[in-house]
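Observations on the three-dimensional arrangement
For reference, the chains in residue letters:
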Amino acid sequence: MSGTTDSDVARKPDVGKCLARSVADALAEDPTLEAVTLDRARQTISVATLGRTNIPRLTERISATVQRAQQAGGVRPCSLLAGQINCQTCGQPLAEFERRRITISQDADKTTIARVTCPTAPKFWRWRDIPWPRVVQRDVEFLEHAEDLNEWKTQLVAAILCGVSGLGAYWFRAEPLSIVGFLLAYLAGSWYTAQEVWERLRQRAIDVHFLMLAVAAGSASIGAWGEGAMLLFLFSLSGALEHFALSRTQREIRSLFREAPKSATVIDEGGHEEEMQVERLLPGMRLLIKPGAQFPVDAEIAKGQTACDESNLTGEATPVEKGIGDNVLAGTINQWGAVEVLVLRPVSESSLQKIVRLIREAQQQKAPAQQFTDRFGTYYTYSVLGLSLIMFFVWWLGYGQKPFTSMRVEHSAFYHTMTLLVVASPCALVLSIPSAVLAAIACGARHGILFRGGAAVEKLAAVTTVALDKTGTLTTGELRVETVESFPPGREAEVARLAYSLEKLSTHPLARAITRYGKQQQIQPLELSNFESITGQGLRARCGASRCLLGRREWLAQGPHGQVMAQVPATDAGLSEIWLAEGDLLGRLVLRDDIRPQARQVLEELRGEGLRTVVLTGDRKATAEHLRTELQFDDLRAELNPEEKLSEIRSLTAQGQRVAMVGDGVNDAPSLAAAHIGVAMGARGSDAALEQADVVLMHDRLENFLAAFRLSQRARSVIRQNLVLSLGTVVVLVVFALLGNISLTKGVIGHEGSTVVVVMNSLRLLFVGARKHSAAPMGKGV
């Protein structure tokens, strides 16, 4: 092993001191973060976000970034403004920041680091100030808590032990043995419940667990040991079933992802191979991936050909052919070819980790109905305690019943109070919604449908109109360049080179196709400056002294080439075109994007469900009308830019429609946010679309939207069933308890029995659609 030389040290970037590099990493990790401004003189930090974001997590990330820079030697801006090729702080090339589409501006003591975006985007940014971090020297290791998936088993064992001990004590009525049996039953049945109560009491709060323990203790105090043991058995059994539902949810989610590799083979500039931990991989590094190995990070094929098994991320059962310029996703498997790839982003920012983060956030977001029951449950618990106390005195002083001692012909006031406490406790109500939501999220995740919380599960069932983007939604999104043309002919190579040079800085699906074409043809890009994205039109930049335009026909036709372009017929229906002009150079690239084979059937089934279908596209009307003829959807809006798409969504909403917007690109993000519910297509979708979406169709299958809609309807039906059952049981049992016409034993069986039924009813959602990729079975029946 060779030692580290001084030159090696000089080449290593000083990441800790480089503010720009650290903030650029933060921008890459959080798609909702658009810009960061640091004022070192005033010691203030301002962040700009777009869309829904986790403010505490964002504040923690930015504060930690600045704090690390302070600890490493002070917050210093990256020196890229004076024409340097490399950053003076970290040594990183200017081209690397441009590749990551990051801009850095300096104004006295203010440094602003932002994404490269369209001119209109900053109008939608929301600026927030966060505290400037204080430097505190400490060594803290943050460990992520992994919930024990087998905890339900120990809870079930405790519940069974409680039941067996209680039955044994009931059958062996000899005084010492029965008491020992009941005590063992109480200990086993209350073991986990007591822990819950203690945690809540430390927070100065009580809930249904406290009521159950109080009733069990009260039952024992008046000699009703059997009723108390039965209560604890049924309550602990329902708790075990609840944790079983949670563990199934976690297991279904974890089963989506294979064990990720811990190291990768890095190829240095000299061609030498070295094993490196995946956490240390940086964008631009070259890796060797052998046949049968997983891709450790999102990367781009630089050498060789192969096929990838993407079934765990995209649901595609058939291996996908990959060649130079194609992207591969972390966690997918290299089937047969040894390939060299370039790292696109760190492992923490991979598509796999992005999906994991979305799932974790989903489990923390509650449905609106659950938020109501959570608020209602706290007040209800106190109300039940108050009512029980009042009724104790009513039965004792008003009806003349013995306060604590039950007679053979008449129960005591305390006995009736315990019965009222049991039947009025909201156990089933508290579990009715979260158990169904968790089961629906787990079932969806198993089939590649990620609901981002309970609200999404409820909202999707209520939609009346489905608005769909064309590219990447109704079509495969895998565009390919068919032809390159110049006018007059003979300069096709110049057109292809300039188009590749422009589009390699963009992220639109058309850009990805042209970039892939350029890499496959081994085209050398030109150096461009003043790059700018014009929303809904195209791209603009300067190549030397001349201006380059690339975009829609209508936009370029407004320039000096309009007369020539008017003589060129439009492409055939089903093809897309993108025009390029630079000085006297004029040309176009023709691209093809195939319609998804399942699209027509899905749209027909959506109409069968009573949903109106609307397609929103930026394509010209002729191409859009061809699509309408092929797919037979209800309404069409063509030649729309992102702002016009947003206006169409708002217009449909104003008409009283509850709109589900289905899209996959950056230009769909505003519409996804404005819709009643946003649905993003596939793990390959843009970060902006995934962040704005309420539902993610991870398997990149349009038919999964139909499956998601039906699963959402079924979950809503189960929630309603649970609410009717839980509330109805409470009302009926409370009435009988107030009249004194129900025993504690029957009250326990009725109340806890309804809790068990509610949990079991919710668990049915876990087994919906067991036949993978079959949408119909997921929605049939209730």
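Here, every reference points to the structure presented above.
Residues numbered from 1 in each chain as written. Predicted model: local features only at pLDDT ≥ 70, side-chain atom pairs only at ≥ 80, totals over all residues. Heavy atoms only, no water.

Comments concerning the overall build of the chain
Note the threshold: Here a strand is any run of E in DSSP of at least two residues, a helix any run of H or I of at least four, and the numbering for each starts at the N terminus. Residue exposure (1.4 Å probe, protein chains only): buried if accessible area is under 20% of the type maximum, exposed if over 50%, otherwise partly exposed. The contact criterion used throughout is that any non-hydrogen atoms of two residues lie within 4.5 Å. Per-residue and other accessible areas follow the Shrake-Rupley method at a 1.4 Å probe size, with only the shown protein chains counted as cover for residues.
Across its full length, the chain carries 27 helices and 27 strands. When burial is assessed residue by residue, the chain has 52% of its 782 residues classed as buried. Sequence-distant contacts in the chain: of pairs separated by 6 or more residues, those separated by 24 or more amount to 67%. Of the accessible surface of the chain, which amounts to about 35800 Å², a share of 55% is contributed by carbon and sulfur atoms.

Side note on the environment of Leu739
Summarising the element assignment, Leu739 is placed in helix α25 (residues 703-739). Residues Leu739 and His416 lie 323 residues apart in sequence; the distance between their C-alpha atoms is 9.6 Å.

Section: the packing of aromatic side chains
Operational definition: We call Phe, Tyr and Trp rings a pair once their centres come within 6.5 Å, taking the six-membered ring for Trp, and we label the pair stacked below 30 degrees between planes, edge-to-face above 60, and tilted otherwise.
Taken as a whole, this structure holds 11 aromatic pairs when the rule is applied. Between Phe392 and Phe414, the ring centres sit 6.5 Å apart and the planes meet at 85°, which makes this aromatic pair edge-to-face. Here the residue Phe392 occupies a position in helix α11 (residues 368-398), and Phe414 occupies one in helix α12 (residues 413-424), the gap between them amounting to 22 residues. As far as burial versus exposure is concerned, Phe392 and Phe414 are alike and both buried. By the ring-pair criterion, three or more aromatic residues cluster together here, those being Phe392, Phe393, Trp396, Phe404 and Phe414.

Topic: the sheet that holds strand β1 (residues 33-39)
We count it as follows: Any two strands with at least two DSSP-identified bridges between them are counted as paired. Orientation is described by lines fitted to C-alpha atoms, with helices fitted over the stretch in contact, and by angles between N-to-C directions that extend from 0 to 180 degrees.
The sheet built from five strands is open, its strands ordered β3-β4-β1-β2-β5 with antiparallel pairing. Whereas interior strands pair on both sides, the edge strands pair on one side only; in this sheet they are β3 (102-107) and β5 (126-130). Averaged over neighbouring strand pairs, the angle between their axes works out to 15° when direction is ignored. Here β3 pairs with strand β4 (residues 110-115) via six bridges, running antiparallel. Residue Ile104 lies in a different strand from β4, and its bridge partner there is Ile113.

A look at a negative patch on the surface
So the rule is basically this: A residue counts toward a patch only above 30% relative accessible area and without a salt bridge, and it is joined to like-charged neighbours within 9 Å or, for Val, Leu, Ile, Met, Phe, Trp and Tyr, to nonpolar neighbours within 5 Å. Whenever a carboxyl oxygen of Asp or Glu lies within 4 Å of a side-chain nitrogen of Lys or Arg, that contact is scored as a salt bridge. Positive charge is attributed to Lys and Arg, negative charge to Asp and Glu, and no charge count is given to His or to the chain ends. A charged residue contributes its charge at one atom only: NZ of Lys, CZ of Arg, CG of Asp or CD of Glu.
Taken together, the side chains of Asp268, Glu269, Glu273, Glu274 and Glu275 make up a negatively charged region of the molecular surface. By secondary structure assignment, the location of Glu274 is in strand β7 (residues 273-277).

Considerations on the pattern of salt bridges
Charged atoms that come close allow side chains of opposite charge to pair. One pass over the full model with this rule turns up 24 salt bridges. Between Arg588 and Glu485 there is a salt bridge, and its shortest N-O distance comes to 2.7 Å. Residue Arg588 is found in strand β22 (residues 585-592), and its partner Glu485 is found in strand β17 (residues 480-486); the two are separated by 103 residues along the sequence. Residue class for Arg588 comes out buried when judged on its relative accessible area of 7%. In the salt-bridge network here, residues are joined through shared partners; they are Arg480, Glu482, Arg592 and Asp594.

A closer look at a nonpolar patch on the surface
A cluster of nonpolar side chains, contributed by Leu167, Tyr170, Trp171, Phe172 and Leu177, occupies part of the molecular surface with about 640 Å² of accessible area. Among the elements that take part in the nonpolar patch, helix α5 (residues 151-171) stands out by supplying three residues, more than any other. By the element assignment, Leu177 lies in helix α6 (residues 175-202). The exposed category is assigned to Leu177, whose relative accessible area is 56%.

Quick notes on the side chain of Glu577
Let me state the cut-off plainly: Polar contact is the term for a pair of N or O atoms within 3.5 Å; when the atoms are in protein, one must be able to donate a hydrogen and the other to accept it, and sequence-neighboring residues count only if both atoms are side-chain atoms.
Residue placement: Glu577 occurs in strand β21 (residues 575-582). The exposure class assigned to Glu577 is buried, which follows from its relative accessible area of 14%. A distance of 2.8 Å separates a polar atom in the side chain of Glu577 from a polar atom in the side chain of Arg553. In this structure the side chain of Glu577 is engaged in a polar contact, spanning 3.2 Å, whose partner is the side chain of Trp579. If we skip the residues at most four places from it in the chain, Glu577 touches Arg553, Thr571, Arg588 and Leu589.

Points about the sheet that holds strand β20 (residues 546-551)
An order of β17-β22-β21-β20-β19-β18 is seen for the six strands of this open sheet, with the pairing classed as antiparallel. Bordering the open sheet on either side are β17 and β18 (529-534), each of which pairs with just one other strand. Between one strand axis and the next, the sheet turns by 15° as a mean value, whatever way the strands run. Each of β17, β18, β19 (538-543), β20, β21 and β22 is contacted by helix α16 (residues 492-503), which is oriented at about 70° to β22, the strand it contacts most.

Quick look at the environment of Arg512
Note on placement: Arg512 falls in helix α17 (residues 509-520). Note on Arg512: relative accessible area 37%, which makes it partly exposed. Through-space distance from the C-alpha of Arg512 to that of Leu479 is 8.1 Å; in sequence the pair is 33 residues apart.

Examining the pairing of strand β23 (residues 612-616)
Basically, it comes down to this: Classification remark: right-handed applies to a crossover when, strands pointing away from the viewer, the course from the first strand over the helix to the second runs clockwise.
Of all five residues in β23, four are buried, a share of seventy percent or more. Examined bridge by bridge, strand β16 (residues 465-469) and β23 share five bridges and lie parallel to one another. Its bridge partner lying in β23, Ala467 is registered against Val614. For β23 and strand β24 (residues 635-637), the ladder comprises three bridges, and the chain directions are parallel. Note on β24: the bridge partner recorded for Val614 is Asp635. In the classification by handedness, the crossover that spans β23, the intervening helix α21 (residues 621-631) and the parallel β24 is right-handed.

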